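Residue-level structure breakdown
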Amino acid sequence: MSEYAIVAEDLTYHYGELTAVDHISFRVEEGEILGFLGPNGAGKTTTVRMLTGQRRPHAGRATLLGLDVARHPKEIQAQIGVSFEITNLYEQMSAVENLELFARLFGVDGFSAGALLRRVGLEGREQERVEGYSKGMKQRLMVARALVNRPRILFLDEPTEGLDPTSSRSIRNLILEERERGATVFLTTHDMLEADKLCDRVAFINQGEIVALDTPRALKQQYGRRLLKVEVAGPNGQMETREITLDAPDTGETVAELFSREKVVTVHSEEATLEDIFIELTGRRLV
Amino acid sequence: MAAHTLRTLVAKDLTLYFRNRFFAFITVLALVFYALIYFLLPATVDETLEMALFAPSVPPAFAEQLTQEGVILRQMESETALRQAVVDGDVPVGITIPAGWLEGIAAGEAEPLHLFFRADLPAEFQDAYRIILQEMTYAMSGQPLNIRFTEETLGPDLVGEQIPMREQLLPLFAVFILLMETMGLASLISAEVEAHTLQALLVTPLQTGSLFLGKAVTGVGLAFAQAFLLMAVTGGLSREPLLITLTLLLGALLATGIAFLIASVARDMMSVMAWGMLAILVLALPAFTVLIPGIASQWLQILPSHYLVDTVYRVANLEAGWADMTGNLLALAAFSLAFFALGALALRRKFQ
């Protein structure tokens, strides 16, 4: 058994003249949550499509659970779960019918839709047609559908985009539960806070290329600035803000001097966010 | 492919088909509508010729002879009443014979005979009336035509048993039902593409070929079941039921192949409808030749539906059997398999 759940080597994909994914390489360990972060059009979904056997790479190779995706797509697809960016449920069918359909296609014995629907908080409405569900409910059902075969690798493409806080939290909890179970999670998102909370490592993708790949903490240490924001009262009573870099050699002296000379009202420490780092690396915002 | 996977796919497609209110409604409506039309149309053909006659001094022999020719005569009291009867559509033809007409004919004179035709009477019927009257006139003038006819009917003699309109329409209904299914199945596939549900199915262990085999079974099953039901309800299976069943099955395969082709070129539901209507219009052409023989040229035989319509019509109405229809069946089978293979390939190419 491979110790890496996902190995991407020089993966490349073109749409006509446009290179959507440009020779990217990375590895994801079993049981790891990898966040794949980037703005719309960066190449996240195309990468997922190549990794899940929906698109054949124009160059490079993807290996999942030790199998070449291009050569063994169906063997791999039996062991993965995919939640798509676009809602693609059978809207004229109920939640139970949707899940049971996919369970039968995966050949899952003794499948219980009820248990899975309870996990995503859809109990009580499982017999209703999906067309009457809210966006959040549909998204939770999509994630539930990706879990019917207890996948070893879970691909989640923007699972919380545009959702209310309750639905987002429900999906985040589910991701963490799956990691506890031992599943590997490949999470594409442009929500940096979500990635920061959930992911063991994050990869920044921009214009088809991976520009950084590490743990959130390491990225912040490598690229971010830690600051102390101090609000002081000016001579006429107006509030002014001072910024002190925490990682400078003379930070202690600077702070002491500020407190002795000025009337300090509030003090806040701030560290760089993943979004700040992304902007620093690419010059682009995420949305 | 495992049987349980095929069952799962077919059950899913049938569920989606009948939960689509439009297609569920159209399916039931078409069946009921065609069956209703069939039973409302007369089961026999009116073979009588009717004629109004105003002849103040017509000899009884004239009227008798017309009656012997199978013409039902309605004696009118005046030319005005005769004209009105024709205009009102009570009779298709009226004839006025002036006084002394027969004597003039017998004396070798050219006597007038005035015919009134209803406006919508076809030219060939008008000719038939003229010929009957000319022949009678010769006979009554003592100069019968110097011809002795001998007659032999080739094939089943349908005199007195003409094929009623509803039996002529039956193949057309069956073909319409089969062709309507092309739109239903193509829409089902198109809806899966538009809703991106195909994408979800294709990241399971399900093979692309299996997916479309499921669609094919659904399509053939739906089309065949409807056409078979219509034929069964209307008594269309009373002659050579196996031959008709096989023909309908091949027709359903043809409809499924065409549905696959439409789904492979259509971008959305609207284009499915547009392509579907075009296909129905073209493929329904051979059905109209059954209703009005001679309106179309031989080129219609390049249309695969010709062999479907022709077989159903001739088996149901003209006592044709397996031996007569072998050529038709082979051509239909070849067309159906070719269209199915072409459609499946086009669809596979589109989605892989």
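Scroll up for the structure.
Overview of the structure. (Residues numbered from 1 in each chain as written. Chains lettered and ligands numbered in written order. Predicted model: local features only at pLDDT ≥ 70, side-chain atom pairs only at ≥ 80, totals over all residues. Heavy atoms only, no water.)

**Overview of the overall build of chain B**
Operational definition: Only DSSP runs of H or I reaching four residues or more are called helices, and only runs of E reaching two or more are called strands; each is numbered from the N terminus. Here the radius of gyration uses the C-alpha set of atoms, whereas the globule reference equals 2.2 Å times the residue count to the power 0.38. The buried label applies to any residue whose accessible area, calculated with a 1.4 Å probe on protein chains only, is under 20% of its type's maximum; exposed applies above 50%, and partly exposed to all values in between. Should any heavy atoms of two residues lie within 4.5 Å, those residues are considered in contact. Exposure was quantified through the Shrake-Rupley algorithm and a 1.4 Å probe, taking into account, for residues, occlusion by the shown protein chains and nothing else. Charge counting treats Lys and Arg as positive and Asp and Glu as negative, with His and both chain ends excluded. Every charge is mapped to an atom, namely NZ of Lys, CZ of Arg, CG of Asp or CD of Glu.
Scanning chain B from N- to C-terminus turns up 13 helices and 4 strands. Here chain B has a C-alpha radius of gyration of 28 Å; the compact-globule value for 352 residues is 20 Å, and the former is much larger. In terms of overall dimensions, chain B has C-alpha extents of about 95 × 40 × 30 Å along its principal axes. Here chain B holds 352 residues, and 46% of them are scored as buried. Considering only intrachain contacts with a sequence separation of at least 6, the fraction spanning at least 24 residues in chain B is 73%. Only carbon and sulfur atoms are counted for the fraction: they give 62% of the accessible area of chain B, which is about 17,900 Å². Between the mean site of the 17 positive side-chain charges and the mean site of the 30 negative ones, chain B shows a separation of 23 Å.

**Digging into the sheet that holds strand 13 (residues 263-270) of chain A**
Residue and element names in this part refer to chain A. We count it as follows: Following DSSP output, two strands are said to pair if at least two bridges run between them. Think of each axis as a best-fit line through the C-alpha atoms, taken over the contacting stretch in the case of a helix, with angles from 0 to 180 degrees between the N-to-C directions.
With respect to topology, 3 strands assemble into an open sheet ordered 12-11-13, the strand pairing being antiparallel. Each having just a single partner strand, strand 12 (239-245) and strand 13 make up the two edges of the open sheet. Direction aside, the axes of adjacent strands within the sheet are offset by 20° on average. Its contacts with the sheet place helix 9 (residues 251-261) against strand 11 (227-233), strand 12 and strand 13, and it is angled at close to 160° to strand 12.

**Brief notes about the interface of chain A and chain B**
What counts, and what does not: Buried area is understood as the total, over both parts, of accessible area removed when two parts are fitted together, assessed with a 1.4 Å probe. When a carboxyl oxygen of Asp or Glu lies within 4 Å of a side-chain nitrogen of Lys or Arg, that pair is called a salt bridge. Polar contact criterion, stated in full: a pair of N or O atoms within 3.5 Å, where within protein one must be able to donate a hydrogen and the other to accept it, and residues adjacent in sequence count only if both atoms are side-chain atoms.
Residue-level contacts link 24 residues of chain A with 21 residues of chain B. In total, chain A and chain B occlude about 2,000 Å² of area from one another, counting both sides; carbon and sulfur atoms represent 65% of this. Here Glu97(A) and Arg19(B) are joined by a salt bridge, their closest N and O atoms 2.7 Å apart. The interface formed by chain A and chain B holds 10 residue pairs in polar contact (both at pLDDT 80 or more) in total. At the level of secondary structure, the elements contributing two or more residues to the side of chain A that touches chain B comprise helix 2 (73-77) and helix 3 (95-106) of chain A.

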